[in-house]
Amino acid sequence: MPRPVVVITDTEELDPEPGVALLAEAGFDVRVVGSRDPEAIAGAARDADALIVGYARIDAALLDRMPRLRILATMSAGYDMIDTVEAARRGLWVANLPGSATEEVAVHALASALALTRRLPQADAVVRAGGWNTDFTEVPRRASEMTLGLLGFGRIARVLARLAAPVFGRVVAHDPHTADWPTGVERVDLDTLVASADVLSLHTASTPQTRGMVDAALLARTRPGAVLVNVSRGDLVDPAALLAALDSGRLAGAALDVFPVEPPAADDPLRSHPRLLLSPHSAFLSDASLRAYATEPARSVIAWWTTGRPHTPVVTPEPVPASAASPRHTQGASA
């Protein structure tokens, strides 16, 4: 009987071998494309049962070329690279990886917020230019007198709130989709959040409603001298509006780990603005998270094959009869 086929698309800096080993041990034929190129993916996955996805865009045209496909598993908490509407229409599972880098991203956001509030990039520039403290004209505010505002209050934002509570005087958050609210974090509406936050940290998914939401109008409502942190999705922020707010002094600084286009072009003004603290979409990065990104999507695919359901699905097909519930039987019979 032919083995089920799983294809791994782009892996970036990730070593896929721990996941490959798990899948091979479970009986899968594993193919690593190592590319976002749709032609390369389609060529490798024409008979694939499962697709493990990095950042590659999986749209309807590509799905048309993988007729046997039954599940897509992402190597990230985000899954906006997949056309989930089309996946649902075709009866495909989509599973994500929500918790593998929660601590890393929350710590990165806190480190970025503290670096901005303490004006560390400016202090570093003074010393590198040969100056000393009399040349450092920035006057940081005391963190315990500042408000941290969280736009979105999911898993990462909750860890950030817990880590930041002993440092900042007040933590507020806005999330219309969350009912469970812990003590110590004030629930506020969006206008109150934007107007009261000295540090505004973004923690929301990229959706048609949120893309470009941090625009000129929103930034005009921020506290003068506030700072912005984005470790979420690059397209939440209008880059022209951000640069204008930095130039005008409305924002004292911003930290970006994500960008509208990645990587940004060499001449992108985001790369050179002196009040931007930049990192190369690396907030998720640690030795532990890299292992999890390789192994957990593989475990999810294996769970789907053996039990009929992956770990942490975000798109669930219509129920099938109990006699056909296990892909081990249904897919194996047609393979």
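Further up the page is the structure itself.
Because the structure is predicted, anything quoted here is derived from the model rather than measured.

**As for the environment of S201**
Within the secondary structure layout, S201 lies in strand β9 (residues 199-202). Those residues in contact with S201, other than ones at most four positions away along the chain, are A109, L148, G149, L150, L151, L160 and V229.

**Side note on unusual backbone geometry**
Looking along the chain, the bond that leaves E262 and enters P263 is cis, with omega of -10°. Inspection of the secondary structure assignment puts P263 in the loop between β11 (251-256) and β12 (276-278). Of note in the backbone geometry, R119 takes a positive phi value of approximately 60° without being a glycine. Position of R119 relative to the elements: it lies in the loop between α5 (102-117) and α6 (120-128). Look at T312: it is not a glycine, yet its phi comes out positive at around 45°. Looking at where T312 falls in the secondary structure, it is placed in the loop between α11 (287-307) and β13 (313-315).

**A few points about the environment of D37**
With respect to the secondary-structure elements, D37 resides in the loop between β2 (29-32) and α2 (38-44). For the pair D37 and D10, spaced 27 residues apart in sequence, the C-alpha separation works out to 8.6 Å.

**Digging into the sheet that holds β13**
The six strands are arranged β2-β1-β3-β4-β5-β13 in an open sheet whose pairing can be described as mixed. Both outer strands of the open sheet, β2 and β13, are each paired with one neighbouring strand and no more. The mean inter-strand angle of the sheet, taken between neighbouring strand axes irrespective of direction, is 20°. When strand β1 (residues 5-8) meets strand β3 (residues 50-53), the two strands line up parallel, connected through three bridges.

**A look at the sheet that holds β12**
With parallel pairing, the seven strands of this open sheet are ordered in space as β8-β7-β6-β9-β10-β11-β12. Of all the strands in the sheet, the pair left with one neighbour each is β8 (186-187) and β12. Sheet topology note: the strand β6 (residues 147-151)/strand β7 (residues 170-174) ladder contains five bridges and is parallel. Bridge pairing links G149 to V172 in β7. Packed on one face of the sheet, α5 meets β9, β10 (226-230), β11 and β12 and runs near 155° to β10.

**Here we look at the packing of aromatic side chains**
Between two aromatic rings, the relevant description is the distance of the centres plus the angle of the planes. Enumeration according to the criterion identifies four aromatic pairs in this entry. Arranged with centres 5.8 Å apart and planes meeting at 65°, the rings of F28 and W305 form a pair that is edge-to-face. Of this pair, F28 sits in the loop between α1 (17-25) and β2 while W305 sits in helix α11, and the two are 277 residues apart along the sequence. The pair F28 / W305 is uniform in exposure class, with both members buried.

**Focus: the pairing of β6**
Most of β6 is tucked away, with five of its five residues classed as buried. Residue alternation in β6 divides its side chains into two sets, T147, G149 and L151 and L148 and L150, and both sets are buried. Crossover β6 to β7 through helix α7 (residues 155-164) is right-handed. Two strands pair when backbone bridges link them, and β6 and β9 are joined in this way by four bridges, in the parallel orientation. Bridging from a neighbouring strand, L148 pairs with V199 of β9.

**Digging into the pattern of salt bridges**
Scanning the model with the defined rule gives 19 salt bridges in all. The partner of R128 in a salt bridge is D124, with the nearest N and O atoms 2.6 Å apart. In this pair, R128 and D124 are both assigned in helix α6, four residues apart and thus about one turn of the helix distant. You can call R128 exposed: its relative accessible area is 68%. Classification of D124 as partly exposed rests on a relative accessible area of 36%. Put simply, R141 and D198 hold a salt bridge, and the shortest N to O gap is 2.6 Å. Here D198 lies in the loop between α8 (190-196) and β9 and R141 lies in the loop between α6 and β6, a separation of 57 residues in the sequence. We classify R141 as partly exposed; its relative accessible area is 39%. Judged by its relative accessible area of 5%, D198 falls in the buried class. One network of salt bridges, with partners in common, ties together D64, E86, R89 and R90.

Definitions and cut-offs
- Residues numbered from 1 in each chain as written.
- Predicted model: local features only at pLDDT ≥ 70, side-chain atom pairs only at ≥ 80, totals over all residues.
- Heavy atoms only, no water.
- Helix = DSSP H or I, 4+ residues; strand = E, 2+ residues; numbered from the N terminus.
- Contact = heavy atoms within 4.5 Å.
- Pairing = 2+ DSSP bridges.
- Axes fitted to C-alpha atoms, helices over the stretch in contact; angles between N-to-C directions.
- Phe/Tyr/Trp six-rings, centres within 6.5 Å; stacked < 30°, edge-to-face > 60°.
- Buried < 20%, exposed > 50% of the residue type's maximum accessible area, 1.4 Å probe, protein only.
- Right-handed = clockwise from strand over helix to strand, strands pointing away.
- Salt bridge = Lys/Arg side-chain N within 4 Å of Asp/Glu carboxyl O.

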